[in-house]
Amino acid sequence: MKFKISKKDISTILGRVQGITGRKSNLAITANVLIKGEGQGISFVATDLETGFEGHYAADVEREGAITINAKKLFEIVQNFPGEEVLIEEIERQWIEIKNNNIVYHIVGMSPDDFPDVPRVDEVTFTRVATGNVREMIEKTVMIQAPSDEKRAHITGVCFERIQQADSQLMRMVSTDGRRLCKVDVEIGQEDNFVPGESVIVPKKGLMEAAKILDKEEFVEVGVKDNYLIFKMEKETVIIGLLEGDFPEYEQVIEKDDAFDIEVDRKLFSMMLKRMSILSSDSYNSVIFNFAANRLEVTATNPDLGESKEDMAIAFERDEVEVAFNPKYLIDTLNVINDERILVNLRDNHHPCLVEGVDEKRFLSIIMPMKI
Amino acid sequence: MPCFGSLKEKKRTRSNPRAPPLGLPDLFCTGPRPAPLRAKPLSFPETSMTKVRILPDILSNKIAAGEVVERPASVVKELVENALDAKSRSITIDIEKGGRRLIRVADDGCGMVPDDAMLAIERYATSKIHTDEDLFNIQTLGFRGEALPSIASVSKFTLISRAEDMDIGCTLEMAGGKVTQVSETGAPRGTLISVAHLFFNTPARRKFLKGEGTEMGHIADTVSAIALAWPQVRFRLTHNGKVVKSWPATTDLRQRVEEVLGREVRGHLAPVSISRGDLTVSGFITAPEITRSTTQKIFLFVNGRPVKDRVILNTLLSGYRPRLMKGRFPMAVLTLTLPFDWVDVNVHPAKNEVRFRDASSVGSAVQEGVRLALESAEKASRRFGGGRPLTAATPSFSPMPMPREGLAGRVAEPTALFDEGPEMTGEPETSFAPLPLQPWQETDTPSLSEAGETERPLTAEDEKAPEAAPLSTDAFQPPGQFAHLRVIGQHANTYILCDAGDGLIVIDQHAAHERVVFEQLKRGGTLHSQRLLVPETVELGYRETDALEGILDKLVDFGLEVEPFGGTTFVVKSVPSILSTDSMAGLISEIAEQRVRMGKTDTLEQSLDACLILMACHGAIRAGQALSPKEITHLLTQMDACDDPSFCPHGRPTWIRWSTGSLERAFKR
């Protein structure tokens, strides 16, 4: 195989697959990227056996064929390549030359026959969604990360739903780590070929890889079939193997009683939390919120360091409520809310606390208080 | 002099004020067996009808000898205890041929008058107790009245004794339990007993005797144990005419303990002293880094009597928790002093077992005493345990197999080269042996000893260490020390390498973080607990269910809120926020299993400690987890905040150190 491609293009493509090829799998070859040259284009394939990437690009193909080459090394080589174009050629069996003018590399590849097949899913019914919306949905949900050795599907994965409502239809992602939960909705237009379906659990890691390609094109086709979630764009496709498991019934916790809403300014609240979290540590990471008549007093105590206290005026007319939170969870949430005014729905120290924007209702975050 | 088990008129006043000070009738104790039975052993007509007979004394003494006199060391024990009961100040023990040929114990105690001496060799003749009540209020070491006749029945036995107020002493000679000669003789005050040709008339038992060295070892151990309880008495032990042990009388137990346990413990002894009402626990225990692989060097005394008691032993060890590694045991000398009627010593003929009326309060006093002793010693002196972990309990550094001739270009089988002799002879401590691990301060006692156990040959360094230790002024100061190390990097995503200027510090990230989390959990109280939005259910076995239910309310104190969910299912509602967001199911079932395993023998506190250790283990950074430089620095800072950063809660060391010197030696520089 022999082809010529612009340095910028190949850098971008290789940059997108680094996350996938960088993950350890049972097969050594998954650290490689498969490059196939056919007709007037080349395609790049990468997989970690859970998430697959496939991209088709225009290139000057002189001789058809396929190679696999270590994705990290190739990326490093082309990133630092002088000149605008890169010439890649398999000069012998699995002996790959990368050159341009006065520079040449010879890299050992592996047999393309050994490269695992990326699943081919046919007859998928895709729904068209604005790329930005999908990316936002992913970014706001994978914010709740899973510990590296976590096994439970509902924590390593995000619940993806397609819901048909009376007057609207929407896609929804819900993510949790058992202590907090967040939910992002994306409304789908009538003309976008919406298909309702069962909820599925999608690994967070795969979604993070998918988010990387959701940047260029305006729309992305999203479909679920045969245990795969597929994001398809004009040139690139990401296919993610779904997780098996049950996602907790979250519907009852997201139902809220508006009587407990407290409206606050997002920025002020967030800055106050940051100041309070200065004193928090691994073992002392709670901040106590005392809501009294039109006043919120916040205190943080760390026996190793000291304590801090701050108050702010808020509209609050109920009986006094005292509740503690891990400030990190609140800060994470406030960072991804777009509205400047937010609603904190807070009943007491036992019930989950719901946070959302005053106007923008697509994002909802639920945080469990700490025991005082 | 060994005041024979039998006659000790003078002491009797203490044990039984009601008894007449003298008076032979009382000498027959009314103890375990009624005396009348013995009165008519031979009166049964020997008809064919009677198959059951009372054994003649001589035979029953031999049988008793089987229980009391198991080996030469038990003879020594009985005789020395008699000597102590006679209030001797100096006891000399001479042994020949491991006790087979001769055991001779001479004391300067109260001695016996001739009539008493004759009685002493009768079975159940004792001066030490007189009535039923006495049996449960035993203040002397001996009391059964069995020892002398038993010993005399299986040996050639000579007793020479002179009571203090007599002008002349008496000699009594026996062979196989029969008196062969009684005569008057001149003798120093006290008693001398010679036991020659032990087991000469019981060949079967003689065959079971081990080699001379082994038997002598047992004797030395026996004498050591007794000597630890009686520092105010001078002991001298000789074997084949050579002095084996000689301990001068002292008023300072510490001195005796150091002499008996060896110089290794010097500077590493923590005094134990605790009183609970009438119960006093006192003695010395070693720092957790001075350990043995057996419990042999743990000496327990109850009212001066050496005992082996699993309950006390276990509580002693639990007082060390979590400082000891599994399978390692400290050395200790602990004396329990308690009212005589609180303890039953008449459990076993050899008297090395006892029963407590209230074993659990005795146990908790021991545990508390040990814990307090270790804590205050660690606080008082940084050198004691605080600074250094156990070093080479496992040979932690196996140098890469580098052929010695590698430089010459020959690449031979590396392993074969190691064993090859000639070049190695220059340096007996081969360069391929594990590098000697240095304690944090060079001057401290090197504890590379562990692997070698007691048999380890002393190296030059060992020799000089004890003297050097007290001079050490630049003692390691834990606070701030770890954070100031220059981090070199992470090895195998498990060990953090740091430069300490004059050496290389290797930190086990999991062990270190486990300690950090454990201490944070242990501090408890203000521990923050995160409620779960999605409560986690845990399924357990029946026994585990039962075990877990008993401690649910205690777990809440640690921020772990678990509730029964019907049947054998539990639901986790809140978790300590210090633990990562990991699944709690594994932790909960481990806690339950552990509780089942430990059963009811351990106290609740211990099993809760075990829970904390498990929680710490779950919450800690794993081995094999890559850490960012920031995380490493954070961990080091946290280690500095720990009370005892050098051991993980299981007792493994969290860090080791190779001094530049030892590296240089390894590289032959």
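Reference entry: report on the structure contained in this document.

Section: the sheet that holds strand E4 (residues 169-175) of chain B
Residues and elements named next belong to chain B.
Here's step 1: Overall, mixed pairing links the eight strands, which are arranged E5-E4-E3-E6-E2-E1-E7-E8 in an open sheet. Only two strands of the sheet have a single partner each, and these edge strands are strand E5 (178-185) and strand E8 (242-247). When the angles between neighbouring strand axes are averaged without regard to direction, this sheet yields 10°.
Here's step 2: Pairing analysis gives six bridges linking strand E3 (residues 156-162) to E4, with the strands arranged antiparallel. Bridging across to E4, Thr158 finds its partner in Glu173.
Here's step 3: Seen against the sheet, helix H4 (residues 72-85) touches strand E1 (90-96), strand E2 (102-107), strand E6 (190-196) and strand E7 (234-239) and runs at an angle of roughly 10° to E2.
Here's step 4: Each of E1, E7 and E8 is contacted by helix H9 (residues 212-229), which is oriented at about 175° to E7, the strand it contacts most.

So, the packing of aromatic side chains
Any two aromatic rings considered together are summarised by their centre-to-centre distance and by the angle between their planes.
Residue and element names in this part refer to chain A.
Here's step 1: Enumeration according to the criterion identifies seven aromatic pairs over all chains in this entry.
Here's step 2: Arranged with centres 6.4 Å apart and planes meeting at 80°, the rings of Phe247 and Tyr250 form a pair that is edge-to-face. Like Phe247, the residue Tyr250 is buried in the burial classification.
Here's step 3: Taking 6.1 Å as the distance between ring centres and 50° as the angle between the ring planes, the aromatic pair formed by Phe269 and Phe289 counts as tilted. Remark: Phe289 occurs in strand E19 (residues 287-292) and Phe269 occurs in helix H7 (residues 266-277); sequence separation between them is 20 residues. Considered together, Phe269 and Phe289 belong to a single accessibility category, that of buried residues.
Here's step 4: Joined through ring pairs, the aromatic side chains of Phe269, Phe289, Phe291, Phe316 and Phe325 make up one cluster.
Here's step 5: It is Lys140 that lies over the ring of Phe363; its NZ or CZ is 5.4 Å from the centre.

Some thoughts on the packing of helix H16 (residues 509-523) of chain B against helix H21 (residues 629-640) of chain B
Packed helices, taken two at a time, are described by their axes: the angle between them and the distance between them.
Residues and elements named next belong to chain B.
Here's step 1: Across the interface, H16 lies against H21 with an axial gap of 10 Å and an inter-helix angle of 50°. Classed by the angle they form, the pair H16 and H21 counts as oblique. Judged by the sense of rotation from one axis to the other, the crossing of H16 with H21 is left-handed. Contacts between H16 and H21 involve Gln509, Ala512, His513, Val516 and Gln520 from the first element and Leu635, Gln638 and Met639 from the second.
Here's step 2: Here the contact of H16 with H21 is built from residues that sort into four nonpolar, four polar and no charged.

Quick word on a nonpolar patch on the surface
Here's step 1: On the surface, A:Ile91, A:Trp95 and A:Val108 cluster together into a nonpolar patch covering about 260 Å² of accessible area.
Here's step 2: Checked against the element boundaries, A:Val108 lands in strand E9 (residues 103-108).

Brief notes about the pairing of E3(B)
Residue and element names in this part refer to chain B.
Here's step 1: Adjacent in sequence and paired antiparallel, E3 and E4 are bridged by six residues.
Here's step 2: Inspection of the sheet shows E3 paired to E6 by seven bridges, in the antiparallel sense. Counted as the bridge partner of Ser161 is Thr191 from E6.

A look at helix H2 (residues 71-79) of chain A
Residue and element names in this part refer to chain A.
Here's step 1: Among all positions of H2, only Ala71, Leu74, Phe75, Ile77 and Val78 are buried. Projected onto a plane normal to the axis of H2, the buried residues spread over an arc of 165° and lie on a single side.
Here's step 2: Looking at the packing, one finds that the buried side of H2 touches helix H1 (7-21), strand E2 (32-38), strand E6 (65-70), strand E7 (85-92), strand E8 (95-100) and E9.
Here's step 3: By the N-cap criterion, in which a side-chain oxygen at the helix start approaches the backbone nitrogen of a residue two or three places on, H2 is capped by Asn70, the distance to Lys72 being 3.0 Å.

Reading guide: rules and limits
- Residues numbered from 1 in each chain as written.
- Chains lettered and ligands numbered in written order.
- Predicted model: local features only at pLDDT ≥ 70, side-chain atom pairs only at ≥ 80, totals over all residues.
- Heavy atoms only, no water.
- Pairing = 2+ DSSP bridges.
- Helix = DSSP H or I, 4+ residues; strand = E, 2+ residues; numbered from the N terminus.
- Axes fitted to C-alpha atoms, helices over the stretch in contact; angles between N-to-C directions.
- Contact = heavy atoms within 4.5 Å.
- Phe/Tyr/Trp six-rings, centres within 6.5 Å; stacked < 30°, edge-to-face > 60°.
- Buried < 20%, exposed > 50% of the residue type's maximum accessible area, 1.4 Å probe, protein only.
- Lys NZ or Arg CZ within 6 Å of the ring centre and 35° of its normal.
- Parallel < 35°, antiparallel > 145°, perpendicular 65-115°, else oblique.
- Left-handed = near helix turned anticlockwise from the far one by under 90°.
- Nonpolar A, V, L, I, M, F, W, Y, C, P; charged D, E, K, R; others polar.
- Patch = residues over 30% accessible without salt bridge, like charges linked within 9 Å, V, L, I, M, F, W, Y side chains within 5 Å.
- Areas by Shrake-Rupley, 256 points an atom, 1.4 Å probe, with all protein chains shown as cover.
- Salt bridge = Lys/Arg side-chain N within 4 Å of Asp/Glu carboxyl O.
- Arc of directions from axis to C-beta.
- Polar contact = N/O pair within 3.5 Å; in protein donor to acceptor, adjacent residues only side chain to side chain.

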